[in-house]
Amino acid sequence: MRRNKEIIVLLILLVGMMGFVLWYVIDRRAKNRAAPPPKPVAAIGSRQPARP
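Residues numbered from 1 in each chain as written. Predicted model: local features only at pLDDT ≥ 70, side-chain atom pairs only at ≥ 80, totals over all residues. Heavy atoms only, no water.

*Asks:* Explain the packing of aromatic side chains to me, using residue names and the numbers behind them.
*Replies:* Using the criterion set out here, one finds 2 aromatic pairs in the structure. Between Phe20 and Trp23, the ring centres sit 5.8 Å apart and the planes meet at 35°, which makes this aromatic pair tilted. Linking Phe20 with Trp23, this pair stays in helix α1 (residues 2-34), spanning 3 residues, or about one helical turn. Judged by centre distance (6.5 Å) and plane angle (25°), the rings of Phe20 and Tyr24 are stacked. Placement of the pair is Phe20 and Tyr24 together in helix α1, with a separation of 4 residues, close to one helical turn. (Phe/Tyr/Trp six-rings, centres within 6.5 Å; stacked < 30°, edge-to-face > 60°. Helix = DSSP H or I, 4+ residues; strand = E, 2+ residues; numbered from the N terminus.)

Next up, the structure:
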């Protein structure tokens, strides 16, 4: 009977960790989509065309 309790506890921990990771990923993606897009950074040494 002791084996069954250990397995149940480990399964509960596994499900809890999976739920946390899923929540974290969904929350992170939502924050990234809500944030304004980053400004493009010009490469070092590249020249911008002169504007007349």
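From this point, the narrative continues.
*Asks:* How would you summarise a nonpolar patch on the surface if you had to cite specific residues and measurements?
*Replies:* Taken together, the side chains of Ile7, Leu11, Leu14, Met17 and Met18 make up a nonpolar region of the molecular surface, amounting to roughly 510 Å² of accessible area. Mapping Met17 onto the fold places it in helix α1. When its relative accessible area of 54% is taken as the criterion, Met17 is described as exposed. (Patch = residues over 30% accessible without salt bridge, like charges linked within 9 Å, V, L, I, M, F, W, Y side chains within 5 Å. Areas by Shrake-Rupley, 256 points an atom, 1.4 Å probe, with all protein chains shown as cover. Salt bridge = Lys/Arg side-chain N within 4 Å of Asp/Glu carboxyl O. Buried < 20%, exposed > 50% of the residue type's maximum accessible area, 1.4 Å probe, protein only.)

*Asks:* Describe in detail α1, supporting the description with residues and values.
*Replies:* For α1, which comprises 33 residues, the first-to-last C-alpha distance of 48 Å matches the rise-based estimate of 48 Å (1.5 Å per residue) to within 8%. In terms of burial, α1 is largely open, as just 0 of its 33 residues are buried. (Expected span 1.5 Å × (residues − 1).)

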